[in-house]
Amino acid sequence: MRTTLFQISYSLHEIRQAAGRFIEATSGYTVFAFSGEMGAGKTTFIHHICDLLQVEDAVSSPTFALINEYHYTASAQQDKIIYHMDWYRLKDAADAINAGMEDCLDVAIKGGALCFIEWPEKAIELLPVPYLWISIDTIDIHERKMTIEVVS
Ligand SMILES: Nc1ncnc2c1ncn2[C@@H]1O[C@H](COP(=O)(O)OP(=O)(O)OP(=O)(O)O)[C@@H](O)[C@H]1O
Ligand SMILES: [Mg+2]
């Protein structure tokens, strides 16, 4: 079942504020599937979320890594992991399992990590319910529309 949580439109000028609203509205979820065409702004938005969560590590573009691991301090001084995954170059779910994606998702299910996934369509069957499906649509060169749905 899919239920829309909220929709938001933003320019790059407003993206930090949008990322802040996103964090507030999605608290408690640990698996985030970011869907959108090439250049839609998946990486850009994820970087802003990481920035607001005060990720300690330099947040790099995942272009050359299938999995990037970052750390941040959650409330109650807990060290939390963020797995930023790019499934673009994966063929299918078997390929994703071989690349260690399921292990990252397991940590997220247990509440020890957040998983941000670009190109989740490549292995959609691996996503553990409930998860969030985030669609980013290009309105024009500056404006994006994001729809966040709960899949349960
Ligand atoms: N409102 C906006 N939100 C996000 N990105 C924007 C916006 N307006 C313009 N952009 C630009 O769009 C581009 C988005 O690139 P980004 O690498 O984030 O896309 P992506 O969805 O991760 O692509 P890929 O599928 O190749 O990984 C950037 O150059 C960014 O500056
Ligand atoms: Mg990207």
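Position numbers for residues start from 1 in each chain and track the written sequence from start to end. Just so you know, chain letters begin at A and ligand numbers begin at 1, following the order they were written in. Selection of residues for local features in this predicted model requires a pLDDT of at least 70, selection of side-chain atom pairs for listing and counting requires 80 or more, and totals for whole chains, interfaces and linings are taken over all residues. Side-chain figures throughout are based on the complete set of non-hydrogen atoms in the structure, without hydrogens or water.

A metal bound by six donors in octahedral fashion has ideal angles of 90 or 180 degrees, whereas one bound by four tetrahedral donors has an ideal angle of 109.5 degrees. At 2.0 to 2.2 Å from the magnesium ion (ligand 2) lie its protein donor atoms, namely Thr-43 (OG1) and Glu-118 (OE). Of this pair, Thr-43 sits in helix α2 (residues 42-52) while Glu-118 sits in strand β5 (residues 113-118), placing them 75 residues apart in sequence. Since its relative accessible area comes to 22%, Thr-43 is described here as partly exposed. For the exposure calls, accessible area comes from a 1.4 Å probe over protein chains only, and a residue counts as buried if that area is under 20% of its type's maximum, exposed if over 50%, partly exposed in between. A relative accessible area of 3% places Glu-118 in the buried class. Sodium, potassium and calcium take a 3.2 Å donor cutoff, other metals 2.8 Å, and in both cases only N, O and S atoms count; water is not among them, so sites may look incomplete. Put simply, DSSP marks the helices as runs of H or I at least four residues long and the strands as runs of E at least two long, and each gets a number from the N terminus on.

Both cavities and pockets are sets of points on a 1 Å grid over the protein atoms alone; in a cavity a 1.4 Å probe fits but cannot get out, in a pocket the set is open with protein on both sides within 12 Å along at least five of seven lines, and lining residues sit with an atom within 4 Å of a point. Grid points are joined across faces, edges and corners, and a volume is the space filled by probe spheres set on the points. Taken as a whole, the second largest pocket holds about 180 Å³ of empty space. Along the wall of the second largest pocket there are 14 residues; nearest its centre are Ser-27, Gly-28, Tyr-29, Tyr-72 and Leu-114. Listing elements by their share of the lining of the second largest pocket, those giving two or more residues are α1 (15-25) and β5. Residue polarity is assigned by list, with Asp, Glu, Lys and Arg as charged and Ala, Val, Leu, Ile, Met, Phe, Trp, Tyr, Cys and Pro as nonpolar; anything else, Gly included, falls into the polar class. Broken down by class, the residue content of the lining of the second largest pocket amounts to nine nonpolar, four polar and one charged.

Honestly, that's just the spatial picture; any functional story needs more than this.
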